[in-house]
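Coordinate analysis (summary)
What follows is each chain in one-letter form.
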Amino acid sequence: MTSLLTVTGQLQLAGATLVALGLGHVALPRALAWRRELSGVGPLNRHVLYTHTFFIGVMCVLLGLAPLTLAADLLAPGRTATAILVAECAVWGLRWLAQFVAFPARTWRDSRLHTAGYVGFAVLWTWILAVFTAALATR
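Read on for a plain summary of the structure. (Residues numbered from 1 in each chain as written. Predicted model: local features only at pLDDT ≥ 70, side-chain atom pairs only at ≥ 80, totals over all residues. Heavy atoms only, no water.)

What to know about the overall build of the protein chain
Along the protein chain, the regular secondary structure elements total six helices and zero strands. N-terminal to C-terminal, the α/β element order of the protein chain is α-α-α-α-α-α. Judged by the C-alpha coordinates and their principal axes, the protein chain covers about 50 × 30 × 25 Å. Burial statistics for the protein chain: of 139 residues in total, 27% are counted as buried. (Helix = DSSP H or I, 4+ residues; strand = E, 2+ residues; numbered from the N terminus. Buried < 20%, exposed > 50% of the residue type's maximum accessible area, 1.4 Å probe, protein only.)

Notes on the nonpolar core
When a protein is soluble and globular, its nonpolar side chains tend to lie buried together. Leu-11, Leu-18, Leu-85, Trp-92, Trp-125, Ile-128 and Phe-132 are the most contacted members of the largest nonpolar core, which has 17 residues in total. At the level of secondary structure, the elements contributing two or more residues to this core comprise α1 (7–24), α4 (43–75), α5 (79–101) and α6 (112–137). Looking at which element gives the most residues to this core, the answer is α6, with six residues. When sequence neighbours within four positions are dropped, the list of residues in contact with Phe-132 reads Leu-11, Leu-18, Pro-67, Leu-85, Glu-88, Cys-89 and Trp-92. (Core = buried A, V, L, I, M, F, W, Y, C linked by side-chain atoms within 4.5 Å. Contact = heavy atoms within 4.5 Å.)

Some points on the layout of surface pockets
Put simply, the largest pocket is a space of about 1,300 Å³. Looking at the largest pocket, it is lined by 29 residues, and the ones nearest its centre are Leu-28, Leu-32, Arg-95, Phe-103 and Phe-121. Contributions of two or more residues to the lining of the largest pocket are made by α1, α2 (28–31), α3 (34–37), α4, α5 and α6. Partitioned by chemical class, the residues of the lining of the largest pocket number 19 nonpolar, eight polar and two charged. (1 Å grid on protein atoms, 1.4 Å probe; cavity = no way out; pocket = protein on both sides within 12 Å on 5 of 7 lines; lining within 4 Å. Points joined across faces, edges and corners; volume = space filled by probe spheres on them. Nonpolar A, V, L, I, M, F, W, Y, C, P; charged D, E, K, R; others polar.)

Brief notes about unusual backbone geometry
Even without glycine at this site, Ala-33 takes up a positive phi of about 50°. Structurally, Ala-33 can be placed in the loop between α2 and α3.

A word on the packing of aromatic side chains
Following the criterion strictly, the structure yields seven aromatic pairs and no others. Judged by centre distance (5.1 Å) and plane angle (80°), the rings of Phe-54 and Phe-55 are edge-to-face. Judged by relative accessible area, Phe-54 falls into the exposed class, the value being 52%. Judged by relative accessible area, which is 48%, Phe-55 ranks as partly exposed. Between the aromatic rings of Trp-92 and Trp-125, the centroid separation amounts to 5.3 Å while the plane-to-plane angle is 5°, which identifies the pairing as stacked. Highlighted residues: Trp-92 in helix α5 and Trp-125 in helix α6, separated in sequence by 33 residues. Members of the aromatic cluster, joined through ring pairs, are Trp-96, Phe-100, Trp-108 and Tyr-118. (Phe/Tyr/Trp six-rings, centres within 6.5 Å; stacked < 30°, edge-to-face > 60°.)

Some words on the packing of α1 against α6
Interhelical geometry of α1 versus α6 gives an angle of 135° and a closest axis separation of 10 Å. Taken together, the axes of α1 and α6 are oblique relative to one another. Two packed elements cross with a definite hand, and for α1 against α6 that hand is left-handed. Residue-level contacts link Val-7, Gln-10, Leu-11, Leu-13, Ala-14, Thr-17, Leu-18 and Leu-21 of α1 to Phe-121, Leu-124, Trp-125, Trp-127, Ile-128, Val-131, Phe-132 and Ala-135 of α6. In terms of residue class, the contact of α1 with α6 is built from 14 nonpolar, two polar and no charged. (Axes fitted to C-alpha atoms, helices over the stretch in contact; angles between N-to-C directions. Parallel < 35°, antiparallel > 145°, perpendicular 65-115°, else oblique. Left-handed = near helix turned anticlockwise from the far one by under 90°.)

Read these as spatial facts, not as claims about activity.
See below:
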């Protein structure tokens with residue numbers, strides 16, 4: 001249990017979380033009732049949305065596999081590990097920023113469930129970014 005408190009353990013936990021989040025994208029259309037919500041959207045836009053969602057899920061899985069399976073390697077000196085950690089920081093830093101820019105309060109504050117989701121994801125992205133930043137800083 002104490003190993004989860006190390007940078008290596010946090011990298012592995014963040015990786016597992018990202019893999020689970022990526023796999024969870026499969027349920028996203030049903031959970032957000034896209035069939036009903038997108039009924040007025042043309043077929044091209046609907047397919048673009050589904051395709052982008054699929055690839056975002058794949059990217060979450062792929063970006064989670066490295067820290068999940070190679071945490072010690074990411075903390076070892078070397079240009080490749082540094083490049084991977086910098087890329088992870090950039091991606092998750094942008095996602096953290098998007099949480100506060102792309103989701104204005106009017107889109108979530110009228111529902112307790114949406115508010116809980118917003119706050120939960122704000123905490124999640126803050127933690128993910130902090131883990132990768134700490135990993136980069138401790139190398």
